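Chains, contacts and geometry: an overview
Each chain, written out:
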Amino acid sequence: MKFTVQVNEGPYQHQASDTAQQFVRAALEKGHEIYRVFFYHDGVNNGTRLTVPPQDDRHLQKGWTELAEKHGLDLVICIAAAQRRGIMDADEAKRQGLDADNIAPGFRISGLGQLIEGGIQSDRTVVFGD
Amino acid sequence: MAILHIVNKSPYERDSLTSCLRDAKSGSGLILIEDGVLAADKRGKFAGALGDASKGMKVSVLGPDLDARGISRDNVVDGIQIVDYAGFVDLVAEFDCPQSWL
């Protein structure tokens, strides 16, 4: 079965990012396909490569990046939510005249249409948030 | 269409579980995750409502989230099944449409 997962909450805010990641791992282990993970609202904060949690804490951004690298996941960050919160890839940073970008490996920035398309292409869309 | 209702907030904090139980139809599913698992404690004041709900709906609770909150599995309301993340995935696949009560 194909799943699209939507994450509306930032890492370490509460538990949504953790639950979504565990759900994605379990779905992949069972042989399902994760068509897309769409990060919306504060969920876009999962995609900054500059997070440095304490060493004995889980590293949620790295967890997503590793899942993307291992399973070819499509991790999409909503552009409007990202711009509000300062999540930039190199192209957007340049377009906005900013001096740095911070998007983590495995993530890409795109529009809300990607969420809709994920919903159309997938058998189930599961939302995690606050 | 059978819906899987997903409730992730404590019923002592928000009304999402109460709203869900009011609107959910017989034959649908309910899974309690994150702080939502607090409702599944049979010593709590939502035990009766969940026990009643489990007669017409498939009610589940995410075991790892019970463990994380120190709720003994022995104290889960009768009629509620305890699942792991793989079981959560199975429920999402089993029902036609998941609905998160955020």
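Definitions and limits used
- Residues numbered from 1 in each chain as written.
- Chains lettered and ligands numbered in written order.
- Predicted model: local features only at pLDDT ≥ 70, side-chain atom pairs only at ≥ 80, totals over all residues.
- Buried ≥ 20, exposed ≤ 12 C-beta atoms within 10 Å, placed from the backbone.
- Helix = DSSP H or I, 4+ residues; strand = E, 2+ residues; numbered from the N terminus.
- Arc of directions from axis to C-beta.
- Pairing = 2+ DSSP bridges.
- Axes fitted to C-alpha atoms, helices over the stretch in contact; angles between N-to-C directions.
- Parallel < 35°, antiparallel > 145°, perpendicular 65-115°, else oblique.
- Contact = placed C-beta atoms within 7 Å.
- Nonpolar A, V, L, I, M, F, W, Y, C, P; charged D, E, K, R; others polar.
- Right-handed = clockwise from strand over helix to strand, strands pointing away.

Concerning helix H4 (residues 85-94) of chain B
Every buried residue of H4 of chain B is accounted for by Tyr-85, Phe-88, Val-89 and Val-92 of chain B. In an axial view of H4 of chain B, the angular spread of the buried residues amounts to 100°, which keeps them on one side of the axis.

Quick look at the sheet that holds strand S5 (residues 97-100) of chain B
All names here are of chain B. Read across the sheet, five strands follow the order S4-S3-S2-S1-S5 without closing on themselves; strand pairing throughout is parallel. Lying at the two open borders of the sheet, with one neighbouring strand each, are strand S4 (81-83) and S5. Averaged over all pairs of adjacent strands, the angle between strand axes in this sheet comes to 25°, irrespective of strand direction.

Considerations on the packing of helix H1 (residues 16-29) of chain A against H4 of chain B
With their axes 8 Å apart at the nearest point, H1 of chain A and H4 of chain B run at an angle of 75° to one another. One way to sum up the angle between H1 of chain A and H4 of chain B is to call them roughly perpendicular. Mapping the contact onto sequence places Gln-22, Phe-23, Ala-26, Ala-27 and Glu-29 of chain A in H1 of chain A and Tyr-85, Ala-86, Phe-88 and Val-89 of chain B in H4 of chain B. By residue class, the composition of the contact of H1 of chain A with H4 of chain B is seven nonpolar, one polar and one charged.

Re the interface of chain B and chain A
Contacts between the two partners involve eleven residues from chain B, matched on the other side by 16 residues from chain A. Put simply, the parts of the chain that give the side of chain B that touches chain A at least two residues each are H4 and S5 of chain B. Ranked by residues supplied to the side of chain B that touches chain A, first place goes to H4 of chain B with six residues. Of the residues in the side of chain B that touches chain A, the class split is nine nonpolar, one polar and one charged.

A look at the pairing of strand S2 (residues 33-39) of chain A
Residue and element names in this part refer to chain A. In terms of burial, S2 is largely enclosed, as six of its seven residues are buried. As defined by bridge partners, strand S1 (residues 2-7) adjoins S2 across six bridges and the pair is classed as parallel. Its bridge partner lying in S2, Gln-6 is registered against Phe-38. After leaving S1, the chain enters H1 and then returns to the sheet as S2, a path that is right-handed. Note: S2 against strand S3 (residues 75-78), three bridges, orientation parallel. Bridged to Phe-38 within S3 is Val-76. For the crossover from S2 across helix H2 (residues 60-71) to S3, the handedness is right-handed.

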